[in-house]
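# Descriptive structure summary
This is what each chain is made of:
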Amino acid sequence: MKRYVIERIIPGIGSKSPEEYREAAQVSNEALAKLAPRVQWVHSYFADDMTYCVYLAEDPEDIRRHAELSGFPASKITLIKVVVDPATAEAA
């Protein structure tokens, strides 16, 4: 599967309660169950009015389908071509 970053514009998302985040994760998981194994949620980052979600998927259409089922917008979907981390410095 390919790795993608999904940008979601959701006003006020960075100010929700832990309960609201739990409920949102449940909604996302229900949509993912319908799409398995073609799309997997890795994790998300929340800012003021944005979320940045990392997903594994066969193609962007699977992510768009998740957005439709969950009700969470997929404002921008970007294919990740290379992942660089501290271990990259050690590679031969």
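Scroll up to find the structure this text is about.
## Here we look at the pairing of strand β1 (residues 2–9)
Relative to strand β3 (residues 50–57), β1 runs antiparallel, the two being bridged by 8 bridges. Residue pairing in the sheet places Val5 in a bridge with Val54 of β3. Both β1 and strand β4 (residues 76–79) contribute to a ladder of 4 bridges, which runs antiparallel. Note that in β4 the partner of Ile6 across the bridge is Ile77.

## Observations regarding the sheet that holds β1
Where strands meet in a sheet, backbone hydrogen bonds hold them as pairs that are either parallel or antiparallel. With antiparallel pairing, the 4 strands of this open sheet are ordered in space as β2-β3-β1-β4. If you trace the sheet from one side to the other, it starts and ends with β2 (39–46) and β4, each paired once. Mean inter-strand twist for the sheet, computed between neighbouring axes without regard to direction, equals 20°. In this sheet, β3 lies alongside β2 in antiparallel orientation, the contact comprising 7 bridges. Residue pairing in the sheet places Ser44 in a bridge with Cys53 of β3. On top of the sheet, helix α2 (residues 60–70) reaches β1, β2, β3 and β4; it is set at about 35° to β1, its chief contact.

Scoring rules and cut-offs
Residues numbered from 1 in each chain as written. Predicted model: local features only at pLDDT ≥ 70, side-chain atom pairs only at ≥ 80, totals over all residues. Heavy atoms only, no water. Pairing = 2+ DSSP bridges. Helix = DSSP H or I, 4+ residues; strand = E, 2+ residues; numbered from the N terminus. Axes fitted to C-alpha atoms, helices over the stretch in contact; angles between N-to-C directions. Contact = heavy atoms within 4.5 Å.

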